[in-house]
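Chain by chain, the residues run as shown.
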Amino acid sequence: MFYRPQDGHGLPHSPFNAIVSPRPIAWISTRGSDGSENLAPYSFFNAVAYVPPQIMFASTSAKPDRDNTKDTVANIQDTGVFCVNTVEYAMRDVMNQTSGPWDKDTDEFELATVPRAACEQIACSRVADAPASLECQMTQIVKLPGEANYVVFGEVVGIHIRDDCLKDGIFDVTRYQPLARLGYKDYTRVTEVFSLNRPEG
Ligand SMILES: Cc1cc2nc3c(=O)[nH]c(=O)nc-3n(C[C@H](O)[C@H](O)[C@H](O)COP(=O)(O)O)c2cc1C
């Protein structure tokens, strides 16, 4: 089939985010300038540069108690910092609980009973037992076409790695099974890894 998004797909559900999958999940912790804490998952997320290390995530649609965005972007607009926590399969249910449409004063660390720890470089909490956490300084927030679509870019200024995820000096994803988002209500996890050598030019 072929369709133009502006004409509709004619399917029961849009296939768009199933096509762009699997996507890593950034479980993003932020703190408002009033001290309120927030935690929510974002799968429109990726690394975008090595030196200095930089990442991006995108927020789509708005909450009724925020001015045209969600709590995560609003807090980053306020403070300029955020922390990306990675998610393992074992954390799937608590991660999902933090994605509810909770009001802006809800502390999702408390709501979902997620242990927190202080970040080192930024004034923000992180998920204490995440496989890895990336402390980020926001560099740009770009408004995209459409309503309440934003991309947030950040420079990684501190990296936490859980000790059991390091094996012989390698960050070994098979030790924790990264969770990734597919389309619809679906997810996957990494259980198998293989390697390829790049062609030599
Ligand atoms: C696995 C998963 C991935 C998600 N990815 C995104 C995303 O990339 N962008 C987005 O705007 N919302 C995404 N959501 C929905 C947000 O988590 C949800 O709107 C949440 O309430 C936002 O919280 P906040 O207002 O505290 O930032 C995702 C939800 C789940 C469960």
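Residues numbered from 1 in each chain as written. Predicted model: local features only at pLDDT ≥ 70, side-chain atom pairs only at ≥ 80, totals over all residues. Heavy atoms only, no water.

J.: Would you mind showing me how to read unusual backbone geometry here?
T.: Working note: non-glycine residues mostly have negative phi, and peptide bonds are mostly trans. That bond from S21 to P22 is cis: its omega, 0°, falls within 30 degrees of zero. Structurally, the position occupied by P22 is in the loop between α1 (16-19) and β1 (23-24). The omega torsion across V51 and P52 is -10°, close enough to zero to call that bond cis. Along the chain, P52 falls in the loop between β4 (45-49) and β5 (54-59). The backbone phi angle of Q177 is positive, close to 60°, even though this residue is not glycine. Mapped onto the fold, Q177 is located in the loop between β12 (170-171) and β13 (179-181). (Helix = DSSP H or I, 4+ residues; strand = E, 2+ residues; numbered from the N terminus.)

J.: What am I meant to see in the site of the ligand here?
T.: Near the ligand there are 21 residues, and of these N38, Y42, T60, K70 and T72 occur at the shortest range. In isolation the ligand has 640 Å² of accessible area, and contact with the protein removes 88% of it. More than half of the atoms belonging to the ligand lie within 2 Å of the grid points that define the largest pocket. For the shell around the ligand, the secondary-structure elements that each account for two or more residues are β3 (37-42), β5, α2 (71-79) and α3 (92-97). The dominant element in the shell around the ligand, judged by the number of residues it contributes, is β3, at 4 residues. Here the residues of the shell around the ligand sort into 8 nonpolar, 8 polar and 5 charged. (Near = heavy atom within 4 Å. Areas by Shrake-Rupley, 256 points an atom, 1.4 Å probe, with all protein chains shown as cover. 1 Å grid on protein atoms, 1.4 Å probe; cavity = no way out; pocket = protein on both sides within 12 Å on 5 of 7 lines; lining within 4 Å. Sits in = over half its atoms within 2 Å of the grid points. Nonpolar A, V, L, I, M, F, W, Y, C, P; charged D, E, K, R; others polar.)

J.: It is not clear to me how the side chain of R181 should be interpreted in this structure. Could you clarify?
T.: Mapping R181 onto the fold places it in strand β13. Among buried Asp, Glu, Lys and Arg side chains, R181 stands out as unpaired, with D186 the closest opposite charge at 6.4 Å. Here G183 takes part through its backbone oxygen, which lies 3.5 Å from a polar atom of the side chain of R181. Among the polar contacts listed, one links the side chain of R181 to the backbone oxygen of Y184, at a separation of 2.6 Å. Apart from residues lying up to four places away in sequence, R181 is in contact with S21, P22, R23, I25, S43, D186 and Y187. (Buried < 20%, exposed > 50% of the residue type's maximum accessible area, 1.4 Å probe, protein only. Lys, Arg positive; Asp, Glu negative; His and termini not counted. Salt bridge = Lys/Arg side-chain N within 4 Å of Asp/Glu carboxyl O. Polar contact = N/O pair within 3.5 Å; in protein donor to acceptor, adjacent residues only side chain to side chain. Contact = heavy atoms within 4.5 Å.)

J.: Would you mind showing me how to read the sheet that holds β1 here?
T.: What holds strands together in a sheet is hydrogen bonding between their backbones, with the strands either parallel or antiparallel. Taken together, the 3 strands give an open sheet; going across it, the order is β1-β13-β14, and neighbouring strands pair in antiparallel fashion. Lying at the two open borders of the sheet, with one neighbouring strand each, are β1 and β14 (187-189). (Pairing = 2+ DSSP bridges.)

J.: Before we go on, may I ask you to explain the pattern of salt bridges in this structure?
T.: Oppositely charged side chains may form a pair once their charged atoms are brought near each other. Following the criterion strictly, the structure yields 9 salt bridges and no others. With a shortest N-O distance of 2.9 Å, D71 and K63 are connected by a salt bridge. By relative accessible area, K63 is classed as buried at 13%. Between D107 and R116 there is a salt bridge, with its nearest N and O atoms 2.9 Å apart. Connected via shared salt-bridge partners are R31, E37, D107 and R116.

J.: Can you walk me through the pairing of β5 in this structure?
T.: The side chains of a regular strand alternate between both faces of the sheet. Counting buried positions along β5 yields 5 of 6 residues, so the element is predominantly enclosed. Relative to β5, β4 is paired through 4 bridges, and the arrangement is antiparallel. Bridge pairing in β5 links A47 to I55. Relative to strand β10 (residues 150-161), β5 is paired through 6 bridges, and the arrangement is antiparallel.

J.: Sorry if this is basic, but what is going on with the nonpolar core here?
T.: Inside soluble globular proteins, nonpolar side chains tend to come together where they are buried. Counting residues in each nonpolar core, the largest one holds 15 residues, and the members touching the most others are I28, I55, F57, F82, V84 and C136. Elements that contribute at least two residues to this core include exactly β2 (26-31), β3, β5, α2, β6 (81-85), β9 (132-143) and β10. If you look at the next biggest cluster of nonpolar residues, it comprises 12 residues, including W27, L39, F109 and A130. (Core = buried A, V, L, I, M, F, W, Y, C linked by side-chain atoms within 4.5 Å.)

J.: Mind showing me how you'd approach the layout of surface pockets here?
T.: The rolling of a water-molecule-sized probe over the atoms marks out the regions of remaining empty space. The calculated volume of the largest pocket comes to roughly 600 Å³. Along the walls of the largest pocket sit 29 residues, with A40, P41, Y42, K70 and S99 positioned nearest its centre. Put simply, the parts of the chain that give the lining of the largest pocket at least two residues each are β3, α2 and α3. Ranked by residues supplied to the lining of the largest pocket, first place goes to β3 with 4 residues. Class assignment of the residues belonging to the lining of the largest pocket gives a composition of 13 nonpolar, 9 polar and 7 charged. Taken as a whole, the second largest pocket encloses approximately 490 Å³ of empty space. Taken together, 23 residues form the lining of the second largest pocket, with F45, T86, L134, F171 and Y176 sitting closest to its centre. Going through the elements one at a time, β4, β5, β9 and β10 are the ones with two or more residues in the lining of the second largest pocket. Considering each element in turn, the lining of the second largest pocket owes the most residues, 4 residues, to β4. (Points joined across faces, edges and corners; volume = space filled by probe spheres on them.)

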